Amino acid sequence: MRAAALRTQVSAAARRPGRLILTGLAVLVVSFVVFGTVLAQQITERTTRDNLSGTPAATDLVIGSPDQPPAVAALSRLRAVPGVAEVVGRTEIGVSLGESYLNLRADPGTGPLSTTRLVEGSYPDAPGEVAVTPRTVERLGLTVGTVTSGFGGERTGPSPLTITGVVATADDAGYDGYAPDAVVSAWAGLRTVSQIDLRLAPGASADTVRQGIAGVLPADPQVRTGAEVRQEEADAAADQVGRLFVLVGLFVAVAVAAAALVVTSTFRIVFAQRMRQLALLRAVGANRGTLVSALTAEGALTGLVAGVVGVAAALAAGYALPAILRASGKAVSSPGLPLAAAVAVVVGAVVLTVLAVLAPAFSAARVSPLEALRAASTTAGRRGIGVARLVAGLLLVVGAALAGAATFSRLPTPEQESYDPRPGMLLLVGSGTLAFFALVALGPLLVRPVLAVLGWPLRQFAPLGRLAVGGIGGAPRRAAAVSVVVALGVTLISAVVIGGASMRVLSDREMALSAPADFEVTASNGSLLPDAVVTRAEAARGALARMAPYRRIDDVTLLRGTDRLGSAESGYPTSDLDLPALPTTEDLDVTQGRLADRGPGRIVLGGWVARETGLRAGDTARLARAGKTVDVRVAAVLPDHGPLHAGILTDRADLDRLGAPKGYSGLLADAARPGEDGRTAGVRALRQAIGGSDGVGLAVLADERDRNDALLDTLLWIAVGLVSLTVLIAVVGVGSTTALSVVERERESGLLRAVGLSRPGLRAMLTAESGLYGVIGATIGLLLGVPYAWLAVQALGVNAPLALPVLPLVGLFAALVVLTALAGVLPARRASRVSPVTALGIDG
């Protein structure tokens with residue numbers, strides 16, 4: 001009997017491949033995602049290895065390592081070794097150019113071992129000559145012919161540097177210079193280089209050259225082939241890729257869990273549609289174990305087919321995408337053919353499906369043989385949950401609440417100096433996991449009250465709305481199974497969006513402190529800016545939009561009466577920077593008071609100064625410097641330090657009364673136009689304002705802001721993309737659930753058509769039902785995502801605020817509702833095409 005039942009179920013599944021794929025659609029998608037992730041990692045690693053090595057391809061041998069740097073004197077001896085065509089010493093030093101910085105690298109400038117290409121002027125050939133990149137010309141004003149001075153390497157004093165040319169390179173950070181190894185080592189007084197690259201003459205033997213190298217170098221040198229070094233460099237980069245894909249794997253695992261829930265729900269629907277058939281099998285002698293085995297075998301077949309199709313689709317996409325990108329000029333490598341991984345994914349799909357089908361199979365196998373006497377071929381799904389499930393769900397809720405409370409109790413205080421975020425984050429992850437499983441257990445009980453609230457507006461519109469709400473409420477277990485997956489995806493995405501917005505606010509605050517404007521002009525060694533520089537900068541209004549010159553002194557102390565406050569022996573850094581002149585001031589946060597209250601006799605303190613001195617907003621104190629004092633009141637306290645690391649922000653008049661110099665210490669300015677062109681124009685205007693002033697440097701603070709914003713945007717989009725995998729599985733679940741329920745409710749659809757419901761009306765009703773899955777899931781997801789995101793931001797201990805990006809969250813809610821509604825469009829069209837007469841003739 002077991003074999004007969006097994007043949008019956010498997011043959012029935014094989015006769016309807018469409019339903020087979022529909023039942024396992026979530027498994028198909030997750031198989032595609034998992035194997036696609038394997039291929040994506042291979043593509044990324046191979047592309048990294050093929051394109052991101054810093055050693056030129058023409059390098060045959062490499063001498064030296066960080067632990068064994070070769071001597072500069074070895075370069076000339078190596079050039080005399082027979083079989084050696086070219087020898088290049090590689091080194092890199094930082095050069096201080098007043099207030100600017102230049103990264104000087106050794107490169108031959110021409111030949112197969114060069115990493116640069118001359119585009120203007122001539123390449124350096126004497127000590128003190130340097131070629132720079134185009135962006136360095138714009139950023140540092142180092143045009144061809146410029147003579148400046150700097151020091152770096154072993155050189156402790158300034159020495160002349162002449163810009164002889166401009167070179168193009170693969171990477172241009174805006175502070176890069178190049179010169180031959182002999183020029184760099186002679187100017188900087190270097191005794192060693194980082195490594196030596198050798199190119200062999202045509203026909204030369206590498207072994208013979210190695211022997212020659214050993215003969216001219218005093219110690220046993222470390223000699224590696226160029227291929228080995230390039231492989232090591234590529235492996236180091238690929239290792240970073242591997243770490244990234246470990247994180248990707250965590251999110252893929254969440255998607256796999258979501259797929260298991262969706263598959264469980266779809267099998268419940270499929271088995272409910274065949275209750276009469278299963279009862280007939282029971283009536284002719286099949287026991288419960290036989291039915292469980294047969295239904296499990298059907299699930300294994302579904303998983304096998306879905307896994308194979310998903311892996312095949314991922315393989316096709318994995319080979320097609322790099323080919324398309326290469327055709328468009330992108331250097332992207334193709335993946336290999338990881339057969340072991342493909343087999344593992346297919347086996348995993350079968351195992352996942354079998355595990356997901358067990359609970360529906362055991363439930364369906366409990367059907368009574370008397371059910372075969374029913375006229376209907378389907379049975380209504382259970383609406384409630386058992387006592388054991390209820391108790392387990394409540395225990396999970398208690399566990400999630402306790403873990404969340406423990407996380408809350410561990411949150412750092414503003415005064416706390418040492419804080420380890422790992423225990424709090426582990427507790428938070430545990431709380432979220434327990435909350436999710438509690439939602440799975442108690443979901444059917446939550447659907448009706450949530451639907452009663454959220455479905456109220458829909459019920460007011462028309463009978464169609466009431467029918468749609470009733471259709472969802474009539475099958476709460478099914479609605480809960482799909483909505484929980486939607487809720488999981490929305491929880492993750494909303495947490496990422498809220499966390500990203502909070503980190504964005506924190507980043508803007510940090511940038512408002514360290515980079516409050518696009519440009520900063522300062523003088524070296526604490527000296528004052530020449531008045532002519534400030535005058536010329538203020539006249540360049542076409543290229544510069546805002547100007548904020550400021551003074552800074554570092555020897556101001558705080559007194560209360562005659563008692564000195566704080567522990568700073570030399571005093572606190574104090575500035576009269578005009579905050580209202582800077583647009584980034586609105587990004588600043590205060591822990592006490594208001595920034596707008598700063599003025600004559602009213603100061604703003606950095607948080608570290610307030611903690612050292614014990615002062616709070618509203619307290620009175622006395623500023624003291626060189627025997628002069630000024631009575632002041634604390635108007636506000638910042639979380640840490642003030643803009644440009646000032647400890648005290650005071651009014652200009654108060655600084656005058658303390659005897660501060662009249663000249664400016666620095667100048668902040670913004671570009672008049674956005675973008676790279678506007679920034680370049682601002683740099684040129686300030687370079688002209690500086691002119692030949694000695695010791696005056698220009699820093700482009702906007703570059704730091706851009707790098708910070710780009711990094712944050714990249715991390716945010718990666719995180720959103722990863723958690724969107726769960727949403728994709730949820731949408732697939734909504735589509736498959738709606739499609740299968742249409743078959744289950746064909747008689748109901750025919751009855752509605754028979755009593756006057758039009759085809760568009762039926763389509764609208766079923767589409768609205770699909771959308772309601774998204775409404776329920778998105779609502780629950782947001783209710784969970786906001787508090788968990790807040791706890792996560794606070795548990796990190798980075799002093800970030802809770803930002804609630806209302807528009808993105810509303811957009812997320814609307815997008816999920818639209819996506820889930822669209823997932824039901826095709827099943828709704830199919831249902832509307834069924835004739836009322838045909839539908840009413842169906843058992844059920």
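All of these numbers come straight from a predicted model, not from anything done at the bench. (Residues numbered from 1 in each chain as written. Predicted model: local features only at pLDDT ≥ 70, side-chain atom pairs only at ≥ 80, totals over all residues. Heavy atoms only, no water.)

Participant: Describe the pairing of strand β8 (residues 159-168), naming the residues involved and giving the relevant values.
Facilitator: For β8, the buried fraction is high: seven of the ten residues fall into the buried class. Sheet analysis places strand β5 (residues 117-121) next to β8, joined by four bridges and oriented antiparallel. Opposite glutamate 120, over in β8, you have valine 166 as the bridge partner. The pairing of strand β6 (residues 129-132) with β8 spans four bridges and is classified as parallel. Paired with valine 132 across the two strands is valine 166, which belongs to β8. Alignment of strand β7 (residues 147-152) against β8, held across four bridges, turns out to be antiparallel. Paired with threonine 148 across the bridge in β8 is leucine 161. (Buried < 20%, exposed > 50% of the residue type's maximum accessible area, 1.4 Å probe, protein only. Helix = DSSP H or I, 4+ residues; strand = E, 2+ residues; numbered from the N terminus. Pairing = 2+ DSSP bridges.)

Participant: Tell me what's going on with the pattern of salt bridges, and back it up with residues and numbers.
Facilitator: Applying the stated criterion to the full structure yields 22 salt bridges. The residue arginine 79 makes a salt bridge to aspartate 181 at a minimum N-O spacing of 3.3 Å. Of this pair, arginine 79 sits in helix α4 (residues 74-79) while aspartate 181 sits in helix α6 (residues 181-188), and the two are 102 residues apart along the sequence. The buried category is assigned to aspartate 181, whose relative accessible area is 10%. Each of Arg551, Asp576, Arg652, Asp656 and Lys662 takes part in a single network of salt bridges with overlapping partners. (Salt bridge = Lys/Arg side-chain N within 4 Å of Asp/Glu carboxyl O.)

Participant: Which residues make up helix α12 (residues 387-409), and what values go with them?
Facilitator: Over its 23 residues, α12 extends 33 Å from the first C-alpha to the last, a length consistent with the 33 Å expected when each residue adds 1.5 Å. Those residues of α12 lying buried are Gly393, Ala400, Ala403, Gly404 and Thr407. Among the structural elements, α13 (421-454) and α23 (759-795) are those in contact with the buried residues of α12. (Expected span 1.5 Å × (residues − 1). Contact = heavy atoms within 4.5 Å.)

Participant: I'd like to hear about unusual backbone geometry, residue by residue, with values.
Facilitator: Its identity as a non-glycine residue notwithstanding, alanine 626 has a phi of 50°, on the positive side. Along the chain, alanine 626 falls in the loop between β19 (620-625) and β20 (628-637). Alanine 626 sits in the exposed class, given a relative accessible area of 69%. Not every positive phi belongs to a glycine, and histidine 645 is a case in point at roughly 65°. Along the polypeptide, histidine 645 turns up in the loop between β20 and β21 (648-649). Looking at histidine 645, the relative accessible area reads 49%, which means it is partly exposed.

Read these as spatial facts, not as claims about activity.
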